[in-house]
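# An overview of the molecular structure
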Amino acid sequence: MARIPFIAGNWKLNLSVAEGVALVQGLKDKVPAGVEVAVCPTFVALYPVAQAAKGSSVGVGAQDCYWKETGAFTGEVSPTFIADAGAQYVVLGHSERRQFFNETDQTVNQKLKAVLAKGLVPIVCIGETLTEREGGQLEAVLKRQVVGALDGIPAAQLETLVIAYEPVWAIGTGKVATTQQAQDAHAFVRAQLRAVVGELADRVRIQYGGSVKPDNAKELLGQPDVDGALVGGASLKLADFAAIVAAAKA
Ligand code: PGA
């Protein structure tokens, strides 16, 4: 099943407006045909970065959202405003949000519904902690996160779904999963998806995330169920991110 590889840069709480715009300007002519690319700046940089990316094949995404469209929700940003700023993607359920901001499978589910209703492309992050993996909980955790995120959403609405498998112990640590660990987890996640959304599971892109760098990208992306990467640290430098994007070209 041919799935278009998708590389997304998660800038987290990094890069000013000027730095983000400059990075996108440099990235614009480095996206090969057949590879989908997006960058995810802070909310305040969303609009200028989307303006800078306009007319190119660099997409833009938010790193989170709220599920109510508008109203008295001080400090929140909804898919409506993310779309208005010119973005096409939203990252949901990143492990840092689960760890530091009380994100749960249930809130991810509510946000996912709101993102889909607005026609934005969701990147739903899942992944186990080291304690969970070492305690033999890997599969139970991934299954719970997949089932929880997709709860009550008909397969017909999930055509654009992207999953990012990010083992928490590999994020920002330099400890990348082995290609076998990544492939095994991705195959397991796809099997869980199949149980929930049927044959659409073969079209859902599953990105790997966690210390993806130019020197390990090719091998990870060469695994049959690894359809792209969600890149943190290495997405902050144009040369590194462009090298990872290039590695996605079959
Ligand atoms: P990292 O982050 O590439 O810096 O490990 C990945 C992520 O958290 O999305």
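Structure's up top.
Residues numbered from 1 in each chain as written. Predicted model: local features only at pLDDT ≥ 70, side-chain atom pairs only at ≥ 80, totals over all residues. Heavy atoms only, no water.

### A few points about the packing of aromatic side chains
Rules: For Phe, Tyr and Trp, where Trp contributes only its six-membered ring, two rings pair if their centres lie within 6.5 Å, and the inter-plane angle classes them as stacked under 30 degrees, edge-to-face over 60, or tilted in between.
A full pass over the atoms with the stated rule returns five aromatic pairs. Ring geometry for phenylalanine 100 against phenylalanine 101: centres 6.3 Å apart, planes inclined by 85°, an arrangement best described as edge-to-face. Taken together, the ring pairs connect Tyr66, Trp67 and Phe73 into an aromatic cluster.

### Topic: the site of the ligand
Stated formally: Nearness of a residue to a molecule or strand requires only that one of the residue's heavy atoms be within 4 Å of it. Nitrogen and oxygen atoms within 3.5 Å of one another constitute a polar contact, given that in protein one can donate a hydrogen and the other can accept it, and given that sequence-neighbouring residues count only through two side-chain atoms. For the area figures, the Shrake-Rupley method with a 1.4 Å probe applies, and any residue is considered shielded solely by the protein chains shown. Polar here means any residue outside two lists: the nonpolar Ala, Val, Leu, Ile, Met, Phe, Trp, Tyr, Cys and Pro, and the charged Asp, Glu, Lys and Arg; Gly therefore counts as polar.
The full set close to the ligand counts 13 residues, and Lys12, His94, Glu166, Gly172 and Ser211 are the nearest of them. Contact between the ligand and glutamate 166: an oxygen atom at 2.6 Å from a side-chain N or O atom of the residue. One nitrogen or oxygen atom from the main chain of glycine 233 is found 2.8 Å from an oxygen atom belonging to the ligand. Protein contacts shield 97% of the accessible area of the ligand, which totals 280 Å² for the unbound molecule. Class assignment of the residues belonging to the shell around the ligand gives a composition of four nonpolar, seven polar and two charged.

### Some points on the pattern of salt bridges
Rules: By convention in these notes, a salt bridge is any Lys or Arg side-chain nitrogen within 4 Å of a carboxyl oxygen on Asp or Glu. Per the convention used, a helix needs a DSSP run of H or I reaching at least four residues, while a strand needs a run of E reaching at least two, with both numbered from the N terminus. Accessible area is worked out with a 1.4 Å probe on protein chains only. A residue is then buried under 20% of its type maximum, exposed over 50%, and partly exposed in between.
All told, the structure shown has 16 salt bridges when counted by the stated rule. Of the charged contacts in the structure, one is a salt bridge between arginine 205 and glutamate 36, with a shortest N-O distance of 3.1 Å. In this pair, arginine 205 sits in strand β7 (residues 205-209) while glutamate 36 sits in strand β2 (residues 36-40), placing the two residues 169 residues apart along the sequence. The exposure class of arginine 205 is buried, given its relative accessible area of 12%. Taking the relative accessible area as the measure of exposure, glutamate 36 reaches 21% and is therefore partly exposed. Across the pair arginine 190 and aspartate 225 runs a salt bridge whose closest N-O atoms are separated by 2.6 Å. Taken together, the positions of arginine 190 in helix α8 (residues 179-197) and aspartate 225 in the loop between α9 (214-221) and β8 (228-231) put the pair 35 residues apart, joining distant regions of the chain. By relative accessible area, which is 14% here, aspartate 225 ends up buried.

### Observations regarding the packing of helix α5 (residues 105-117) against helix α7 (residues 138-150)
Quick reminder of the rule: Geometry is summarised by axes, namely lines fitted to C-alpha atoms with helices restricted to the contacting stretch, and by angles between N-to-C directions that run from 0 to 180 degrees. An angle counts as roughly parallel when it lies under 35 degrees, as roughly antiparallel when it exceeds 145, as roughly perpendicular when it falls between 65 and 115, and as oblique in every other case. What makes a crossing left-handed is the near helix being turned counterclockwise from the far one by less than a right angle; a clockwise turn instead makes it right-handed. Any two residues having at least one pair of non-hydrogen atoms within 4.5 Å are treated as being in contact.
Here α5 crosses α7 at 40°, and the two axes come no closer than 7 Å. For the element pair α5 / α7, the angle class is oblique. As α5 runs across α7, the sense of the crossing is right-handed. Residue-level contacts link Asp105, Val108, Asn109 and Leu112 of α5 to Arg144, Gln145, Gly148, Ala149 and Leu150 of α7. Looking at the contact of α5 with α7 residue by residue, the classes come out as four nonpolar, three polar and two charged.

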